[in-house]
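Descriptive analysis of the structure
Each chain, written out:
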Amino acid sequence: MNFQTRIDDDARGSFSAPPGPIEQVRYACALGALASVIAIDRAIPITHCGPGCATKQFQALSSISGYQGGEFHVPSTNIGNKEVIFGGADRLDELIASTLKVMEAELYVVQSGCIPGLVGDDVANVVNGYRRRGVPIVFAETLGYQGNNFTGHESVVRAILDQYVAKQADAAAKVRKGLINVWSLLPYQNPFWRGDLTEIGRILEGIGLEVNILFGPASRGLEEWRAIPQAELNLVLAPWLGISLAKRLEEVYGTPFLHVPAIPIGARATGAFLRQVADAIGADADCVESFIAREEREYYHYLRDFAQFYAGCTSQYRLPSEINIVGESAYALAIAKFFVGDLGLNPGVIVLTENPPESELPAIRAAFRDLAPGVDGEPVFEADGYLAHDLITKHPRVGEYPILFGSTWEASTAGEIGAPLVEISYPATDEVVIARSYVGYRGALQLLERAYTTVVRQSTEENPELAAI
Amino acid sequence: MAINLRTPQAETREQRLGTITQWEGRAQDLARDSAFTYGCGRDCGPGGRRLCELSSPYSQATMCAEQIAVTNATIIKDTVVIQHSPIGCASSQSFTSRYSRDLAARRGWKPEDPKSICTNMGEQDMVFGGVERLADTIRTAFERHHPRVIFVATSCATGIIGDDVDGTARQLEDEIGIPVVPLHCEGFKSRHWSSGWDVIEHGILRRLAPQRPHEKRDDLLNVIHLGGPDVFSPLVNPLGLQVNLVMGGQSLERLADLSTAAATVTMCFVLSYLATGLEQEYGVPEIRAPLPYGLDATDNWLRDIARVTKREHLVEAVIASERARIAPELARLHKLLKGKKGFVAAGAAFAHGLIADLRELGVTVDDAFSFHHDPSTDSKDAEQDSLGHLVQATGDVEHFTVSPDQHFQAHAALKRANPDFVICRHSGSMASLAGRMGIPVLPIFYSNDGIGYEGLLTIGRAILRVLPRRRFYEDVAAHSRFPYQQWWLDETNPYALSADAAE
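Residues numbered from 1 in each chain as written. Chains lettered and ligands numbered in written order. Predicted model: local features only at pLDDT ≥ 70, side-chain atom pairs only at ≥ 80, totals over all residues.

1. Structural notes on the confidence of the model for chain B
Residues and elements named next belong to chain B. Averaged over every residue, the pLDDT of chain B is 93; residues scoring 70 or more account for 96%. Low pLDDT, under 50, characterises residues 39-47; the predicted model gives this stretch eight contacts beyond four residues in sequence or across chains. Interface confidence in the predicted complex, given as ipTM, is 0.94; pTM for the same model is 0.95. (pLDDT = per-residue confidence, 0-100. Contact = placed C-beta atoms within 7 Å.)

Here's what the structure looks like:
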């Protein structure tokens with residue numbers, strides 16, 4: 001709980017930049033975790049970095065990917081020659097003081113970028129001065145060369161937990177029955193995070209739980225963060241992101257955590273997920289089962305009708321038989337399980353792009369086993385788009401109709417293998433995303449709509465074979 | 001001071017032009033105090049004084065020169081740009097790619113992703129240096145894409161750790177046999193992102209625009225623009241001139257032709273480094289007439305081009321026919337826009353141009369927001385004093401704010417102005433701010449939109465398209481707020497925080 005505990009932050013410690021160059025960049029640097037702060041209502045990042053750093057990260061993550069918008073008027077020291085030569089601590093001090101004068105927030109998160117790391121500014125010392133005076137301000141070291149926005153997210157959240165949440169008067173208050181903290185998709189990185197977190201919150205509340213969803217429009221903001229220590233359970237709903245946070249909370253507050261690597265998509269996975277959570281927290285079984293029954297009744301009504309399309313009555317469309325994915329592990333795993341496990345596709349090439357910590361790779365690989373009984377996915381870890389392209393296009397396919405789930409970068413790859421492209425990962429510059437979700441019960445149906453609308457359009461507009469008939 | 005092409009680094013705008021980023025007052029005072037009285041006291045004239053710059057303790061994230069340099073290098077065809085940096089600098093790749101594909105659609109090119117690669121430096125590289133990583137990446141870029149030119153852009157990190165980018169580039173150039181052009185664009189080195197234009201233009205001048213003394217073409221006009229559709233050919237083709245459109249995406253051939261042209265025009269003096277350099281190095285004259293925004297300015301701009309390229313006998317007929325062509329539609333737009341209040345936010349000379357356009361359309365402009373201010377240009381020619389010309393030709397702008405796209409200052413300026421609409425560039429914070437304040441906004445992504453006779457129609461029609469959106473923006477404004485303290489939400493002086501605020 002000491003302010004200095006950030007030094008042994010395990011997520012950051014385990015990050016290493018991949019050895020090769022990267023083309024078609026698929027994540028931001030650690031400073032990009034300022035997006036996670038922006039995703040918390042009434043929290044503001046204060047960035048100590050070069051003039052373009054903060055803007056570039058947020059523009060990439062939000063403005064251009066899914067056109068997500070988001071509040072961007074982030075205080076920044078915009079470091080110049082003077083601060084590089086003489087040090088930038090005084091300038092940061094001036095910026096923090098004026099931020100407190102101009103801006104209005106419940107929490108300020110100071111983040112440092114490459115330059116203060118290289119010139120050796122003592123940022124912690126500056127921030128500590130304000131903390132001592134009772135200002136709700138924390139510091140996360142997010143040097144661009146030390147990590148990406150995934151590890152940066154863990155550093156930022158860890159800073160908020162250790163330096164803000166833990167300092168609340170009621171931090172050690174007793175456990176609130178049925179309260180659960182959810183650590184799942186990385187805000188803004190996944191273009192559908194807002195709708196997805198809303199759906200995840202909805203289904204957990206559906207089984208009678210109280211949910212701290214923590215980020216986005218469905219969250220009550222810092223009120224939820226302050227209640228984190230009182231939760232009965234930390235749910236890590238992602239292949240690896242957030243595990244270190246849950247472990248930390250277990251260490252500090254003794255809160256147990258449940259790790260579910262695959263975000264559920266579709267009734268089968270969602271029902272199993274809800275029962276797993278209910279088991280872990282001891283939720284009322286009747287309440288759980290009645291919610292699941294109600295949701296399934298509606299879901300399968302829709303699925304029954306979709307089955308008419310999927311039966312191929314409209315058989316001029318080439319319904320995909322092989323799923324290929326390029327994206328971060330959370331969505332890749334969830335979507336692979338749904339299309340292989342529920343829709344009956346075969347796994348093709350699955351490329352995981354977020355450069356997870358080395359220590360997490362075996363567990364991520366294991367999560368791709370048994371996508372359907374006896375059907376394994378073999379994910380490849382590759383952050384470079386050029387190599388990802390080669391992996392997809394050079395994969396031998398006999399008699400398969402491929403579909404590709406990826407980012408905008410995959411447009412030409414999809415064209416080369418004749419696959420429809422559904423944009424599900426960063427950067428998605430050909431999608432306008434507001435509240436759409438692809439997970440849970442409702443999201444699954446929207447995912448089917450998007451995927452098969454794409455199939456129909458691709459078949460009718462771009463398929464030369466059919467055009468010739 | 002002449003442009004110095006001997007070193008691989010371009011001098012920043014602050015050094016060359018005395019560029020400032022923070023100022024507040026009347027446009028006529030800024031014009032008086034800057035450019036041709038700047039720094040010397042020699043030609044001050046009555047009332048002239050040294051240009052002062054404000055400062056603000058509070059600041060918000062801006063853009064950097066690296067993004068401008070890299071974006072505009074990336075969209076040059078048959079090249080690969082290497083960003084020698086940690087991964088974050090390269091997160092702009094998706095934006096550049098989107099821009100490039102959009103540009104391709106408008107210019108009729110094959111849409112394809114431009115090629116850029118990040119060396120992806122980690123902590124080890126910060127400790128031991130990254131030149132080996134850079135050398136490997138240059139080889140990788142060459143093997144993967146067989147480019148004709150490779151650019152290597154520096155970053156804050158490489159600037160601080162002192163990687164020998166020039167030496168590595170030279171060494172690899174010998175090895176792979178194509179030009180490897182360093183772009184020194186460390187973000188911290190200039191306080192304004194527009195220095196990035198100078199960086200890429202410096203690289204082009206030094207390495208990609210060779211001297212071709214025996215191939216002079218008296219019908220070729222270099223046009224340096226920010227990017228977008230070619231609105232220039234329709235304007236100058238009737239004079240028998242062909243357009244060599246450079247910057248904002250072009251082939252290497254276009255750059256190789258630069259030295260053979262009869263003259264160079266710039267659609268914005270912020271980009272005039274290349275034009276002045278071409279005149280200095282190859283004697284290609286730079287057209288210095290005020291930019292073609294508004295009818296009279298466009299007439300005079302065409303006359304100056306005709307004069308320099310010896311086509312004066314053709315120009316009056318072109319002017320007359322263009323004026324006649326647009327007159328009915330201009331009259332219609334003027335009637336619909338007359339008395340509307342506009343607010344302009346853009347970069348320096350470009351902002352001055354948009355103000356002239358709006359005033360020609362009958363719009364009242366008492367408030368403007370310029371992202372930086374160049375008190376002079378590289379040519380040092382008073383003809384290029386675009387703010388002075390604006391004030392002289394169309395009158396003063398009462399509230400002229402220079403601010404590097406600062407959201408909090410823009411909020412105060414917009415609150416003071418309370419305009420019917422905002423027209424802006426670098427639409428990031430300004431466009432979303434205006435919308436959220438309930439004000440219809442016209443972001444100009446392609447900055448050629450307002451050029452020449454047709455530009456007046458383009459801009460006028462675009463304003464009319466956005467005005468009805470007030471219904472949407474007001475709804476949003478009524479249901480959201482910005483996280484500023486109430487006193488700042490009420491503030492109407494953008495520089496209220498500055499101790500030495502303008503009197």
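2. Some remarks on the nonpolar core
Counting residues in hydrophobic clusters, the biggest one holds 303 residues, and the most contacted among them are V109(A), I335(A), A336(A), L221(B) and V344(B). Among the elements that take part in this core, helix α14 (residues 329-342) of chain A stands out by supplying 10 residues, more than any other. Setting aside residues up to four positions removed in sequence, V109(A) forms contacts with V37(A), A43(A), P45(A), I46(A), V138(A), A140(A), V156(A), A159(A) and I160(A). (Core = buried A, V, L, I, M, F, W, Y, C linked by C-beta atoms within 7 Å. Buried ≥ 20, exposed ≤ 12 C-beta atoms within 10 Å, placed from the backbone. Helix = DSSP H or I, 4+ residues; strand = E, 2+ residues; numbered from the N terminus.)

3. Description of the domain arrangement of chain A
When the parts of a complex come together, some accessible area is lost, and that lost area is often taken as the interface size. Residue and element names in this part refer to chain A. Here chain A is partitioned into domain 1 (3-167), domain 2 (179-285) and domain 3 (313-467). One C-alpha centre belongs to domain 1, the other to domain 3, and the line joining them spans 33 Å. Each side of the interface is counted separately: domain 1 has 18 residues, and domain 3 has 19 residues. Its residues placed into classes, the side of domain 1 that touches domain 3 shows nine nonpolar, seven polar and two charged. (Domains from an automatic or database assignment. Nonpolar A, V, L, I, M, F, W, Y, C, P; charged D, E, K, R; others polar.)

4. A look at the domain arrangement of chain B
Residues and elements named next belong to chain B. Partitioning chain B into structural domains gives domain 1 (65-184) and domain 2 (213-308). Between domain 1 and domain 2, the C-alpha centre-to-centre distance is 28 Å. Ranked by residue count, the leading element in the side of domain 1 that touches domain 2 is helix α4 (residues 93-107), at four residues. For the side of domain 1 that touches domain 2, the class distribution of residues is four nonpolar, two polar and five charged.

5. As for the environment of I350(A)
Residues and elements named next belong to chain A. Residue position: I350 is located in strand β10 (residues 346-352). Each C-alpha atom, one on I350 and one on L185, is 19 Å from the other, the two residues being 165 residues apart in sequence. With sequence-adjacent residues up to four places away left out, I350 is seen in contact with I325, A332, A336, F368, G377, E378, P379 and V380.

6. Describing unusual backbone geometry
A cis amide bond links Y426(A) to the next residue, P427(A), at an omega of -5 degrees. Residue placement: P427(A) occurs in the loop between β13 (421-423) and α18 (440-462). Of note in this structure, A348(B) is not a glycine but carries a positive phi near 45 degrees. For A348(B), the position within the fold is in the loop between β9 (341-346) and α15 (349-360). Using a count of 24 C-beta atoms within 10 Å as the deciding quantity, one classes A348(B) as buried.

7. Describing the packing of helix α8 (residues 149-163) of chain A against helix α11 (residues 243-253) of chain A
All names here are of chain A. The contact between α8 and α11 brings their axes to 10 Å, and the two run at 20 degrees. Taken together, α8 and α11 sit at an angle that is classed as roughly parallel. Viewed along their axes, α8 and α11 form a crossing whose handedness is right-handed. Seen from α8, the contacting residues are E154, V157, R158 and L161; seen from α11, they are S244, L245, R248 and L249. A per-class count over the contact of α8 with α11 returns four nonpolar, one polar and three charged. (Axes fitted to C-alpha atoms, helices over the stretch in contact; angles between N-to-C directions. Parallel < 35°, antiparallel > 145°, perpendicular 65-115°, else oblique. Left-handed = near helix turned anticlockwise from the far one by under 90°.)

8. Brief notes about the interface of chain B and chain A
The interface of chain B with chain A comprises 50 residues on the first partner and 59 residues on the second. Listing elements by their share of the side of chain B that touches chain A, those giving two or more residues are α3 (65-74), α4, β3 (115-118), α5 (123-128), α6 (131-145), α7 (156-161), α17 (407-417) and α18 (427-436) of chain B. Looking at the side of chain B that touches chain A residue by residue, the classes come out as 24 nonpolar, 19 polar and seven charged. In terms of strand pairing, strand β1 (residues 22-23) of chain A meets β3(B) through two bridges, oriented antiparallel. In the strand pairing of β3(B), E23(A) is matched with I117(B). (Pairing = 2+ DSSP bridges.)

9. Brief notes about the sheet that holds strand β6 (residues 220-224) of chain B
All names here are of chain B. In spatial order, the strands read β7-β6-β8; together these three strands make up an open sheet with parallel pairing. The open sheet terminates on both sides in strands that have one partner only, identified here as β7 (242-246) and β8 (263-266). Between one strand and the next, the sheet's axes are offset by a mean angle of 30 degrees, whatever the strand orientation. Relative to β8, β6 runs parallel, the two being bridged by four bridges. Bridge pairing in β8 places L221 opposite A263. In this fold helix α12 (residues 272-282) packs onto β6 and β8, with an angle of close to 165 degrees to the strand it touches most, β8.

10. Here we look at the sheet that holds strand β4 (residues 149-153) of chain B
Across the sheet, five strands lie side by side as β1(A)-β3(B)-β2(B)-β4(B)-β5(B); this open sheet has mixed pairing. Edge positions in the sheet fall to β1 of chain A together with β5 (180-183) of chain B, since each has one partner strand and no second. In terms of strand pairing, strand β2 (residues 79-83) of chain B meets β4(B) through five bridges, oriented parallel. Paired with V81(B) across the bridge in β4(B) is F151(B).

11. Here's the deal with the confidence of the model for chain A
All names here are of chain A. Across chain A, the average pLDDT comes to 93, with 94% of residues at 70 or higher. Within the model, the stretch residues 1-11 combines pLDDT values under 50 with 20 contacts to residues more than four positions away or in other chains. Between residues 463-469, whose pLDDT stays under 50, and residues either more than four places distant or in other chains, the model counts three contacts.

12. Focus on helix α12 (residues 267-281) of chain A
Turn by turn, an α-helix covers 3.6 residues, leaving residues three or four places apart pointing in a common direction. Residue and element names in this part refer to chain A. With 15 residues, α12 extends 21 Å from end C-alpha to end C-alpha; this agrees with the ideal 21 Å at 1.5 Å per step. Among all positions of α12, only A267, A269, T270, G271, F273, L274, V277, A278 and I281 are buried. The positive-phi residue at the C-terminal boundary of α12 is G282, with phi of around 70 degrees. (Expected span 1.5 Å × (residues − 1).)

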